[in-house]
Amino acid sequence: MKKELSIPEAPLGSTGKTIPLVGFGTAQFPFGAATEVVKESVVHAIEVGYRHFDTAAIYQSEQPLGEAIAEALRLGLIKSRNELFITSKLWLGHAHRQLVLPALQTSLKNLGLEYIDLYLIHFPGSLKPRTGFPFNKEDIVPLDYEAVWEAMEECQNLGLTKSIGVSNFACKKLERLLATAKIPPAVNQVELNPVWQQKKLRDLCEKKGIHITAYSPLGAKGTRWGTNRVMECQVLKEIANARGKSVAQVSLRWAYQQEVSLVVKSFNKERMKENLDIFDWELSAEELQKIEQIPQYRGSRAEVHVSEDGPYKSLEDLWDGEI
């Protein structure tokens, strides 16, 4: 079966690789509670045209994603696994030099794949070895940036992942990683949407040749950290009404026009299609200007990582003042 549309791609730094500009998220709360729904949704997403799928060890969605890929191949929705772009992430309890490679090998086993396209450090922090989620404040330990990144570089050199990157890294943390990296991160996946536009971080990443992927592009309503600030934003509602589009489409189109890729999650079949209907129209300079004026608010604050005895004693420490 022919896919319905072709999603544009962006180059990943100097790697020679590309990333689809719209991807499909697989995090379902509580983690691991709806594996059959994840599998069915991914098969349908492949059918309507999604090619980038975002997972993480902690989401417990790697296995159903892998099963969906096998099913899509069996059904002939794709001819080869190479048509897909698969991202997974290193959990904090494995963010130790000696645990990185085994963690990726476990992810590959869960996915039933020989390699993934992108492996990210999930967060600029670490936990006592093999600690899961949820965790206690006393489990928090500093991240050894240099050692863990060296292990990530080894994963790429072994061909187990085509590219490596980070997630949730603010400016100073990115600079710290870049100071010792032999292979610079190809991607920084961060919260980004019209109510959290991340201009400072976007400027830095552009200068350094790091591609940004936006998570929570619709505000992640229904998750532990999400809010309805995007979907209820009056400015976005007015633009959507004038355009005959949904607020979601306006928000996703805005992200697309910022030249970032995005990962959007909906297990609703109609919304899956709607979220891809953003390529054949564009927001005007005037509309972009209105969106630029929206008051800013970080949704994913991750207070759980702030601790008197840990490396981050305040939210300012954690996010390098960008809150």
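Preceding this section is the structure that the text describes.
Rules used in this analysis
- Residues numbered from 1 in each chain as written.
- Predicted model: local features only at pLDDT ≥ 70, side-chain atom pairs only at ≥ 80, totals over all residues.
- Heavy atoms only, no water.
- Helix = DSSP H or I, 4+ residues; strand = E, 2+ residues; numbered from the N terminus.
- Buried < 20%, exposed > 50% of the residue type's maximum accessible area, 1.4 Å probe, protein only.
- Areas by Shrake-Rupley, 256 points an atom, 1.4 Å probe, with all protein chains shown as cover.
- Lys, Arg positive; Asp, Glu negative; His and termini not counted.
- Charge placed at Lys NZ, Arg CZ, Asp CG, Glu CD.
- Contact = heavy atoms within 4.5 Å.
- Polar contact = N/O pair within 3.5 Å; in protein donor to acceptor, adjacent residues only side chain to side chain.
- Expected span 1.5 Å × (residues − 1).
- Salt bridge = Lys/Arg side-chain N within 4 Å of Asp/Glu carboxyl O.
- Pairing = 2+ DSSP bridges.
- Axes fitted to C-alpha atoms, helices over the stretch in contact; angles between N-to-C directions.
- Parallel < 35°, antiparallel > 145°, perpendicular 65-115°, else oblique.
- Left-handed = near helix turned anticlockwise from the far one by under 90°.
- Nonpolar A, V, L, I, M, F, W, Y, C, P; charged D, E, K, R; others polar.
- Phe/Tyr/Trp six-rings, centres within 6.5 Å; stacked < 30°, edge-to-face > 60°.

### A few points about the overall build of the protein chain
Working step 1: Assigned secondary structure in the protein chain consists of eleven helices and twelve strands.
Working step 2: Structurally, the protein chain occupies a C-alpha span of about 50 × 45 × 40 Å along its principal axes.
Working step 3: Residues classed as buried in the protein chain amount to 56% of the 323 residues present.
Working step 4: Element-wise, carbon and sulfur atoms account for 48% of the exposed surface of the protein chain, whose accessible area totals about 14300 Å².
Working step 5: Here the protein chain carries 39 positive and 41 negative side-chain charges, and the mean point of each set is 1 Å from the other.

### Topic: the environment of glycine 93
Working step 1: Here glycine 93 shows up in the loop between strand E5 (85-90) and helix H3 (97-111).
Working step 2: With a relative accessible area of 0%, glycine 93 lands in the buried category.
Working step 3: Considered as a pair, glycine 93 and glutamate 316 are 223 residues apart in the sequence and their alpha carbons are 23 Å apart.
Working step 4: Discounting chain neighbours no more than four positions away, the residues touching glycine 93 are Leu99, Leu127, Lys128, Pro129, Arg130 and Thr131.

### Quick notes on the side chain of glutamine 198
Working step 1: With respect to the helices, strands and loops of the structure, glutamine 198 is situated in the loop between strand E10 (187-191) and helix H6 (199-208).
Working step 2: By relative accessible area, glutamine 198 is classed as buried at 9%.
Working step 3: Engagement of the side chain of glutamine 198 in a polar contact is seen with the backbone oxygen of glutamate 191, the distance being 3.0 Å.

### Quick notes on helix H4 (residues 145-157)
Working step 1: In this model H4 runs 18 Å from its N-terminal to its C-terminal C-alpha over 13 residues, within 8% of the 18 Å that 1.5 Å per residue would give.
Working step 2: Those residues of H4 that fall on the buried side of the exposure criterion are Tyr145, Ala147, Val148, Trp149, Ala151, Met152, Glu153 and Cys155.
Working step 3: In this fold, the buried residues of H4 make contact with E5, H3, strand E6 (116-121), strand E9 (161-167) and helix H5 (171-180).
Working step 4: Just beyond H4, the residue with positive phi is glycine 159, at close to 80°.

### Looking at the side chain of aspartate 139
Working step 1: Tracing the sequence through the fold places aspartate 139 in the loop between strand E7 (126-127) and strand E8 (140-141).
Working step 2: Buried charge without a salt bridge: aspartate 139, with lysine 128 as the nearest opposite-charge side chain at an N-O distance of 4.5 Å.
Working step 3: In this structure, aspartate 139 is in contact with Ser126, Leu127, Lys128 and Thr131, ignoring residues within four places of it in sequence.

### Section: the sheet that holds strand E11 (residues 211-215)
Across a sheet, paired strands are connected by hydrogen bonds in the backbone, their directions being either parallel or antiparallel.
Working step 1: Ordered in space as E3-E4-E5-E6-E9-E10-E11-E12, the eight strands form a closed barrel in which the pairing is parallel. On average, each strand axis in the sheet is inclined to that of its neighbour by 30°, with strand direction left out of account.
Working step 2: Where strand E4 (residues 52-54) lies against E5, three bridges are found, and the strand directions are parallel. Residue pairing across strands places aspartate 54 opposite threonine 87, the latter belonging to E5.
Working step 3: Across the face of the sheet, H3 comes into contact with E5, E6 and E9 while running at roughly 135° to E6.

### Quick look at the packing of helix H7 (residues 234-243) against helix H10 (residues 285-292)
Working step 1: Viewed as axis vectors pointing N to C, H7 and H10 meet at an angle of 160°, and their least axial separation amounts to 9 Å. Considered as vectors, H7 and H10 are oriented roughly antiparallel to each other. Between H7 and H10 lies a crossing whose hand is left-handed. Only Glu287, Lys290 and Ile291 of H10 make contact with H7, whose side of the interface consists of Val235, Leu236, Ile239 and Arg243.
Working step 2: Of the residues in the contact of H7 with H10, the class split is four nonpolar, no polar and three charged.

### Description of the packing of H3 against H4
Working step 1: Running from N to C, H3 and H4 point in directions that differ by 35°, and their axes come no closer than 8 Å. Between H3 and H4 lies a crossing whose hand is right-handed. Where H3 abuts H4, its residues Arg97, Val100, Leu101 and Leu104 lie against Ala147, Val148, Glu150, Ala151, Met152, Glu154 and Cys155.
Working step 2: Of the residues contributing to the contact of H3 with H4, the split by class is eight nonpolar, no polar and three charged.

### Thoughts on the pattern of salt bridges
Working step 1: All told, the structure shown has eleven salt bridges when counted by the stated rule.
Working step 2: Here glutamate 175 makes a salt bridge to lysine 208, at a shortest N to O gap of 3.8 Å. Linking glutamate 175 in helix H5 with lysine 208 in helix H6, this pair joins segments that are 33 residues apart in sequence.

### Concerning the packing of aromatic side chains
Working step 1: The final tally for this structure, using the stated rule, is eleven aromatic pairs.
Working step 2: Considering the side-chain rings of tyrosine 145 and phenylalanine 169, the 6.0 Å spacing of their centres and the 75° angle between planes classify their relative orientation as edge-to-face. Of this pair, tyrosine 145 sits in helix H4 while phenylalanine 169 sits in the loop between E9 and H5, placing them 24 residues apart in sequence. With respect to burial, tyrosine 145 and phenylalanine 169 carry one shared label: buried.
Working step 3: Their ring planes at 80° and their centres at 5.2 Å tell us that tyrosine 256 and phenylalanine 279 sit as a pair that is edge-to-face. Here tyrosine 256, found in helix H8 (residues 247-257), pairs with phenylalanine 279, found in the loop between helix H9 (269-274) and H10; they are 23 residues apart in sequence, far enough to count as distant.

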